[in-house]
Amino acid sequence: MSTLSVPPVPLSPRDDAMQLHRAFKGLGCDTSAVINILAHRDATQRAYIEQEYRTMYSEELSKRLASELHGNLEAAVLLWMHDPAVRDATIIRQSLTPISYNPPIRDLEGATEVICSRTPSQLQYLKQVYHSMFGVHLEHDIEVNTSGDHKKILLAYISISRYEGLEVNREMAEKDAKFLYKKGEKKLGTDEKAFVHIFSERSWAHLAAVSSYYHDMYGHSLKKAVKNETSGDFAHALLTIIECAVNPGKYFAKVLYKAMKGMGTSDARLIRVIVTRTEIDMQYIKVEYSKKYNKTLNDAVHSETSGHYRAFLLSLLGPNL
């Protein structure tokens with residue numbers, strides 16, 4: 001459920017484009033005006049505004065925003081302006097592309113999170129968008145920039161067409177729970193291939209049932225078993241899949257909590273989750289956050305951010321619970 005609040009009678013995209021152009025003119029940008037418009041328009045409205053702006057001023061709105069805004073606010077607004085599939089492709093590409101150090105460093109968290117929390121139909125469309133944007137197949141970038149079991153689960157997850165409905169074969173789910181126990185906690189060493197097979201080929205509804213059976217039969221969650229039996233990026237991929245299958249709101253609440261926990265804030269993580277989930281299930285994430293951490297998500301974001309950047313994120317989050 002979205003937290004985005006759009007005006008009951010929105011202005012025309014042409015009026016919005018004119019107001020944005022006005023906000024950019026003169027000395028300094030009227031950042032508040034930019035936020036008040038863009039943080040209260042849905043994906044379709046934002047696309048129309050971009051279209052109108054290009055037509056009226058022969059300039060890309062995204063380029064103008066990049067020159068007028070700075071830092072975390074710029075990163076958040078530019079990501080927000082994208083169509084959801086383009087946004088996902090951008091996050092994955094940035095996450096897979098090594099940062100220029102010697103040896104090069106990759107931050108694979110974003111790519112893993114996006115891939116393992118999307119539906120099969122979203123992933124099929126994402127692959128098309130990725131190829132048209134970057135001229136290379138997503139499979140190729142995963143092949144080149146990841147390794148081991150992490151690579152295997154990502155490649156399997158984007159290539160297998162899973163069932164997206166809610167029906168579950170209970171007998172098969174129980175069988176899968178026993179199979180995972182046998183190939184994981186029951187034996188010395190883990191058969192990672194078995195985990196890749198079940199996690200990449202089963203629907204979310206089925207995996208939620210497997211998780212439930214696992215708990216009933218072995219006294220603890222499948223999530224705990226994954227933590228005990230796997231590590232690193234591979235564990236992150238499996239945990240993202242199983243947690244999104246069971247309760248995506250709770251999963252993303254935890255990611256946000258970790259982004260703001262301790263000294264300093266992981267703004268990349270904060271921006272990624274808030275911007276990508278606002279129009280999908282942010283209301284549920286906010287409820288889960290309050291339940292688990294005894295603090296509202298709005299209050300947490302308010303205390304960890306400042307200025308226009310804070311104002312933009314809070315606008316996307318909507319009213320405090």
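Going by the structure above, here's the rest.
Residues numbered from 1 in each chain as written. Predicted model: local features only at pLDDT ≥ 70, side-chain atom pairs only at ≥ 80, totals over all residues. Heavy atoms only, no water.

Caption draft 1: Focus on helix α1 (residues 13-24). Relative to the 16 Å expected for twelve residues at 1.5 Å per residue, α1 spans 17 Å between its end C-alpha atoms, a close match to the ideal helical length. Taken residue by residue, α1 has Asp16, Ala17, Leu20, His21, Ala23 and Phe24 as its buried positions. Projected onto a plane normal to the axis of α1, the buried residues spread over an arc of 160 degrees and lie on a single side. Where α1 is buried, its residues contact α2 (31-38), α3 (43-57) and α4 (61-68). Immediately downstream of α1, the backbone of Gly26 shows phi near 80 degrees, a positive value. (Helix = DSSP H or I, 4+ residues; strand = E, 2+ residues; numbered from the N terminus. Expected span 1.5 Å × (residues − 1). Buried < 20%, exposed > 50% of the residue type's maximum accessible area, 1.4 Å probe, protein only. Arc of directions from axis to C-beta. Contact = heavy atoms within 4.5 Å.)

Caption draft 2: Region of interest: the nonpolar core. Among the nonpolar cores identified, the biggest contains 91 residues, and Phe199 and Phe312 are the most heavily contacted of them. The leading source of residues in this core is helix α15 (residues 232-246), at eight residues. Apart from the residues within four sequence positions on either side, Phe312 is in contact with Ile35, Ala39, Leu73, Ala76, Val77 and Trp80. (Core = buried A, V, L, I, M, F, W, Y, C linked by side-chain atoms within 4.5 Å.)

Caption draft 3: Just the pattern of salt bridges, in detail. Enumeration over the complete set of coordinates arrives at 21 salt bridges. Ionic pairing is found between Asp149 and Lys152, a salt bridge with its closest N-O pair at 3.8 Å. Within this pair, Asp149 and its partner Lys152 are both found in helix α10 (residues 148-159), separated by three residues, close to a single helical turn. Under the relative-accessibility criterion, Asp149 is labelled partly exposed at 23%. A residue is classified by how much of its surface remains accessible, and Lys152, at 51% relative accessible area, is exposed. Residue Lys254 is joined to Glu243 by a salt bridge in which the shortest nitrogen-to-oxygen separation is 2.9 Å. Of the two residues, Lys254 is situated in helix α16 (residues 248-260) and Glu243 in helix α15; the sequence distance between them amounts to eleven residues. Comparing Lys254 with Glu243, the two get one shared label, buried. A single salt-bridge network, built from bridges that share partners, covers Glu109, Glu113, Arg269 and Arg272. (Salt bridge = Lys/Arg side-chain N within 4 Å of Asp/Glu carboxyl O.)

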